[in-house]
Amino acid sequence: MTITLNETHDAALRSWVTSANTGSTDFPVQNLPYGVFKRKGSSEHFNIGVAIGDQILDLAEAHRLGIFSELDSKAFEHAIFSDSLNALMNLGHATWSALRLALSNALREGATQQDALQACLLPQLDAEYALPAQIGDYTDFYTSVHHATAVGKLFRPDNPLLPNYKWVPIGYHGRSSSIGISGQTFHRPVGQTMPPGLSEPVVGPAKRMDYEMEIGIFIGNGNALGERIGIEDAEQHVFGLCLLNDWSARDMQAWEYQPLGPFLAKNFASTISPWVVTIEALAPYRKGWTRDAADPQPLPYLESADLRDSGAFDIQLEVLLQTDTMRKEGSAPQRLSLSNFRHSYWTVSQLVTHHTVNGCNLRAGDLLGSGTQSGPLPEEAGSLLELSEGGKKPIVLSNGEQRVFIADGDSIIMRGWAQKDGAPRIGFGEVSGTLLPALAI
Ligand code: MN
């Protein structure tokens with residue numbers, strides 16, 4: 001099922017929140033992403049909000065004003081007064097779509113509710129965020145063939161891409177407890193590595209710290225254990241997308257990853273953006289999904305006409321670095337790479353369908369990671385491991401500093417946005433995180 005365009009996507013719509021009409025904002029009235037926020041430093045409860053321009057509309061406050069009277073039900077009330085998006089995610093596509101239309105009506109120019117809703121706005125600069133949902137389970141995939149090939153070359157020069165890659169979306173079950181919201185700081189992990197030339201491993205701070213530029217996929221209403229989600233229905237079970245930085249310790253990963261996959265190299269921190277952009281908001285920015293004719297075509301359960309027509313997402317993905325020195329000098333973060341989610345070898349509906357083909361149950365608030373989104377060109381790589389060619393080629397920054405991997409005090413910032421002719425630019429905001437020095441062992 002493909003979501004058709006409707007009046008909420010109309011490029012001519014403008015909001016009475018004037019900062020939403022600038023053309024450069026991530027959050028015009030056609031976007032309407034969801035998050036969980038409160039006034040910075042306050043003891044207030046976290047509420048569900050929608051980003052509009054440089055403001056946040058508090059949905060609980062708006063509901064008290066009767067803005068969503070057409071959606072009124074006990075289940076909706078429970079969801080809208082919650083401090084996470086799980087209950088709303090569980091209500092399903094028809095409710096999400098009705099809520100989006102109600103928000104679009106209430107926030108567009110000329111809305112009769114404008115005067116009342118002014119009091120429900122908080123500037124984003126005055127907000128702090130919580131995780132948008134309680135993430136029950138987290139699965140990380142590996143959907144960029146360019147990333148898989150580049151990394152495979154470093155770990156296995158003679159055999160970079162394993163033969164299953166082009167048949168099965170590769171993934172592993174990650175850890176949800178260490179997923180944090182943008183602004184997360186964490187200490188450089190300590191663990192086992194096998195330094196080159198040694199015959200026994202050592203324990204100490206990881207030396208090859210890296211990021212992974214990923215899309216996070218939030219599951220909406222899930223499936224019962226034993227039931228599968230078919231490819232045609234898969235996107236109806238997806239609430240929306242966010243930005244995800246899957247921090248990775250490459251030297252720990254190289255030592256531990258065989259035979260069962262990543263473990264302590266990946267589970268010390270993962271950071272997501274506060275805003276979840278809905279699948280419906282992304283409808284104008286879809287692209288046909290293709291598979292090179294020389295490659296195996298998907299097995300029937302991972303194939304559909306909709307997928308070929310519009311299965312891919314045209315989302316630009318940018319990674320920036322701000323070193324401790326740059327921060328002290330007051331200089332802006334510097335871009336490391338720019339790529340696009342449309343290069344993904346497997347797309348969102350295929351991940352959902354494959355995850356449930358054996359009857360595995362997905363639940364509202366579960367998070368899937370897309371895997372590092374590297375494009376076909378070297379400068380489109382979504383990790384430092386690739387950009388520095390395995391740590392061999394330093395990246396020289398404009399202030400003269402060099403990096404092969406992340407240094408203590410470095411902040412990594414990721415941004416994402418979609419744009420095309422005839423549609424407004426919509427964005428994901430950003431996800432940032434900062435590496436602190438290791439704690440002594
Ligand atoms: Mn990853």
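Look a little higher up for the structure.
Residues numbered from 1 in each chain as written. Predicted model: local features only at pLDDT ≥ 70, side-chain atom pairs only at ≥ 80, totals over all residues. Heavy atoms only, no water.

Turning next to the environment of Lys166. With respect to the helices and strands, the residue Lys166 is situated in the loop between α6 (145-155) and β7 (171-173). For Lys166, a relative accessible area of 24% translates into the label partly exposed. Along the chain, Lys166 and Gln419 lie 253 residues apart, while their C-alpha atoms are 30 Å from each other. Look past the residues within four positions of Lys166 in its chain and what remains in contact with it is Leu161, Arg291, Asp295, Pro296, Tyr345 and Trp346. Looking at Lys166, its side chain comes within polar contact range of the side chain of Asp295, at 3.0 Å. (Helix = DSSP H or I, 4+ residues; strand = E, 2+ residues; numbered from the N terminus. Buried < 20%, exposed > 50% of the residue type's maximum accessible area, 1.4 Å probe, protein only. Contact = heavy atoms within 4.5 Å. Polar contact = N/O pair within 3.5 Å; in protein donor to acceptor, adjacent residues only side chain to side chain.)

Here we come to helix α4 (residues 93-107). Along an α-helix, a turn takes 3.6 residues, which lines up residues three or four apart on a common side. Given a rise of 1.5 Å per residue, 15 residues ought to cover 21 Å, and the 21 Å separating the end C-alpha atoms of α4 matches this to within 8%. Listed as buried for α4 are Trp96, Leu99, Arg100, Ala102, Leu103, Ser104, Ala106 and Leu107. (Expected span 1.5 Å × (residues − 1).)

Glancing now at the coordination of the manganese ion. Around the manganese ion, the protein contributes the donor atoms Asp140 (OD), Glu212 (OE), Glu214 (OE) and Asp246 (OD), which lie 2.1 to 2.2 Å from the metal centre. Written as a sequence motif, the donor residues of the manganese ion are D-x71-E-x1-E-x31-D. Judged by its relative accessible area of 0%, Glu214 is buried. (Donors = N, O, S within 2.8 Å, 3.2 Å for Na, K, Ca; no water.)

Now for the packing of aromatic side chains. Any pair of aromatic rings gets described here by the distance separating the centres and the angle formed by the planes. Applying the stated criterion to the full structure yields 11 aromatic pairs. Each ring, one from Tyr129 and one from Trp275, has its centre 5.4 Å from the other, and the planes form 75°; the classification is edge-to-face. Linking Tyr129 in strand β5 (residues 127-130) with Trp275 in the loop between β16 (270-272) and β17 (277-278), this pair joins segments that are 146 residues apart in sequence. Its relative accessible area of 2% is what places Trp275 among the buried residues. For the pair Phe186 and Phe268, a centre-to-centre distance of 5.7 Å together with 40° between the ring planes defines the contact as tilted. Residue Phe186 is found in strand β9 (residues 184-187), and its partner Phe268 is found in the loop between α7 (250-256) and β16; the two are separated by 82 residues along the sequence. Each member of the pair, Phe186 as well as Phe268, is classed as buried. (Phe/Tyr/Trp six-rings, centres within 6.5 Å; stacked < 30°, edge-to-face > 60°.)

All right, on to the pairing of strand β26 (residues 423-436) then. Where burial is concerned, most of β26 is hidden: 11 out of the 14 residues are buried. Two strands pair when backbone bridges link them, and β9 and β26 are joined in this way by 4 bridges, in the parallel orientation. Looking at the pairing, Gln184 lines up with Gly433 of β26. Where strand β25 (residues 411-420) lies against β26, 8 bridges are found, and the strand directions are antiparallel. Note that in β26 the partner of Arg415 across the bridge is Glu430. (Pairing = 2+ DSSP bridges.)

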